[in-house]
Amino acid sequence: MSDFAKYDDRLDRLVNLDLGNRGIEPLYEASRALAGRALCGAAADMLLTIPKGGTAIVTTGSVSRAWLSPELGENDGPSGAAALIRALWLARRASCILVIEETLMPPMAATLQACGVAVTDLEATRKASADGTMACATLIPYPVTDAEGQTAARDMLAQFEPDVMVSTERVGRNENGFYYNMRGRDYGMGRARIDMAFPRWPWATVAMKLAWGWLQRLSKPPCHTPHPVIARAAAELVPCPVRIS
Amino acid sequence: MTAAVSNWGCTAICAAMALRTGDKRLIHTPEMEARLLEVMTANGLINSADGLIDPHVDGIKDTTHIALAEMALAITRKALL
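Residues numbered from 1 in each chain as written. Chains lettered and ligands numbered in written order. Predicted model: local features only at pLDDT ≥ 70, side-chain atom pairs only at ≥ 80, totals over all residues. Heavy atoms only, no water.

A. Quick look at the overall build of chain B. Secondary structure assignment for chain B yields three helices and zero strands. Considering chain B as a whole, with its 81 residues, one finds that 60% of them fall into the buried category. Total accessible area on chain B stands at roughly 3,000 Å², and carbon and sulfur atoms take up 56% of it. (Helix = DSSP H or I, 4+ residues; strand = E, 2+ residues; numbered from the N terminus. Buried < 20%, exposed > 50% of the residue type's maximum accessible area, 1.4 Å probe, protein only. Areas by Shrake-Rupley, 256 points an atom, 1.4 Å probe, with all protein chains shown as cover.)

B. Local environment of the overall build of chain A. Tallying secondary structure elements over chain A gives nine helices and six strands in all. Within chain A, buried positions represent 58% of all 245 residues. Contacts in chain A between residues at least 24 apart in sequence constitute 74% of all its contacts with a sequence separation of at least 6. Entry remark: accessible area of chain A is about 10,000 Å², with carbon and sulfur atoms responsible for 54%. (Contact = heavy atoms within 4.5 Å.)

C. Just the pairing of strand β4 (residues 136–141) of chain A, in detail. Residues and elements named next belong to chain A. Burial of β4 is extensive: five of the six residues sit out of reach of the surface. As judged from the five bridges shared by strand β2 (residues 95–100) and β4, these two strands associate in the parallel manner. Looking across to β4, one finds that Val99 is bridged to Ile140. Pairing between strand β3 (residues 118–119) and β4: two bridges, direction parallel. Paired with Val119 across the two strands is Ala137, which belongs to β4. Between the parallel pair β3 and β4, the chain is carried across by helix α6 (residues 122–131), and the sense of this crossover is right-handed. (Pairing = 2+ DSSP bridges. Right-handed = clockwise from strand over helix to strand, strands pointing away.)

D. Representation of the interface of chain A and chain B within the structure. Each partner contributes residues to the interface: chain A has 59 residues there, and chain B has 49 residues. Buried area between chain A and chain B, summed over both chains or domains, comes out near 4,700 Å², and the portion from carbon and sulfur atoms is 68%. At the junction of chain A and chain B, the tally comes to three salt bridges. Notably, a salt bridge pairs Asp58 of chain B with Arg22 of chain A, separated by 3.7 Å at the nearest N-O pair. At the boundary of chain A and chain B, one finds 19 residue pairs in polar contact (both at pLDDT 80 or more). In terms of residues, the side of chain A that touches chain B owes the most to one element, helix α4 (residues 78–92) of chain A, which gives eleven residues. Of the residues assigned to the side of chain A that touches chain B, the class counts are 32 nonpolar, 13 polar and 14 charged. (Buried area = accessible area lost by both parts, 1.4 Å probe. Salt bridge = Lys/Arg side-chain N within 4 Å of Asp/Glu carboxyl O. Polar contact = N/O pair within 3.5 Å; in protein donor to acceptor, adjacent residues only side chain to side chain. Nonpolar A, V, L, I, M, F, W, Y, C, P; charged D, E, K, R; others polar.)

E. Examining the packing of aromatic side chains more closely. Residue and element names in this part refer to chain A. Under the counting rule described, the total for this entry stands at one aromatic pair over all chains. For the ring pair Phe178 and Tyr180, a centre distance of 6.1 Å and an interplane angle of 25° mean the geometry is stacked. Judged by relative accessible area, which is 38%, Phe178 ranks as partly exposed. In this structure, Arg185 is placed above the aromatic ring of Trp67, and the distance from its NZ or CZ to the ring centre is 3.8 Å. (Phe/Tyr/Trp six-rings, centres within 6.5 Å; stacked < 30°, edge-to-face > 60°. Lys NZ or Arg CZ within 6 Å of the ring centre and 35° of its normal.)

F. Molecular detail of the side chain of Asp62 of chain B. All names here are of chain B. Among the secondary structure elements, Asp62 is positioned in helix α3 (residues 62–80). For the buried Asp62, which has no salt bridge, the nearest side chain bearing the opposite charge is Lys61, at an N-O separation of 4.3 Å. Excluding residues within four positions of it along the chain, Asp62 makes contact with Leu37, Pro55 and His56. (Lys, Arg positive; Asp, Glu negative; His and termini not counted.)

G. Structural detail: the pairing of β2 of chain A. All names here are of chain A. Most of β2 is tucked away, with six of its six residues classed as buried. Side chains Ser95, Ile97 and Val99 project from β2 onto one buried face, and the interleaved Cys96, Leu98 and Ile100 project onto a second face that is buried too. Judged from the five bridges that link them, strand β1 (residues 55–59) and β2 form a sheet pairing that is parallel. Looking across to β2, one finds that Thr55 is bridged to Ser95. Note on the crossover from β1 through α4 to β2: the handedness is right-handed.

H. Summary view of helix α2 (residues 24–35) of chain A. Residue and element names in this part refer to chain A. When the terminal C-alpha atoms of α2 are compared, their 16 Å separation across twelve residues agrees well with the 16 Å that a helix rising 1.5 Å per residue should span. Ile24, Leu27, Tyr28 and Ser31 are the residues of α2 that are buried. Buried residues of α2, seen end-on, are gathered within an arc of 100° and therefore sit on one face of the element. For α2, the exposed residues set more than 90 degrees away from the buried face come down to Glu29 and Ala33. A positive phi of about 75° marks Gly36, the residue just after α2. (Expected span 1.5 Å × (residues − 1). Arc of directions from axis to C-beta.)

Take a look at the structure:
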């Protein structure tokens, strides 16, 4: 057992307290049982395995009122992503590339800066990662159409060759290609198709609060209630092989 | 990684990274959480559960999110002394 196991378990229990009554606790229990260890510890170990100066693609951003405006983004996701990027730079001097809707880039940049991370172009981020002089990250927009999303997935992964990919508070599509919110409403308009990049990069992936679309792919109609198949799907996304560079 | 709020999952991972590296700077502190909640509100990000631009997240009060960061910090404190 890891020296950190008891601390990891306490952290896991803390952040899985379902104060919003969203049914997360059964998902946690199933994931924890399959992983055989605390999930935050598994994720931390994965993130710390990347080489010093390695590349992390981080994505967040939920245009949760997409039917009104793609500029209306949710406040769950950005601060967590910023905290992780800060930690990745401090621990591994990682070159972090945050992929998000173009419409959400301004608030995301402000959140990163408030967390101590400068938003710079990729050249500066790489340079800062190499010489360790400044916590920097690069924001890039991702297309919002299916066709462009597929092409962008291939191009982005070929260009950046990430050592790890992290997704927090992003939705995925269901089997019919729709992005549903937890109330079963299609909110895919103006939404970046970043989920298309993840099946192409199975090496090292950390996903937070699993995407409703992926869960709904296994449980029709769209539901808000934990389901045995959903719990299994959630668990299966936890332990992933780490890319050895 | 499951979490009741996605931001909380990140807080837990940052704490677990701090434990492993022995570097307290990696912890997402309550002070930082409070600052980010303010900045996100000032920049128009929304509390989706309530449909308002405010510092509460997923319908859970801002003070709870700050307290959660404090609890995560407290959990790691013994190991990082």
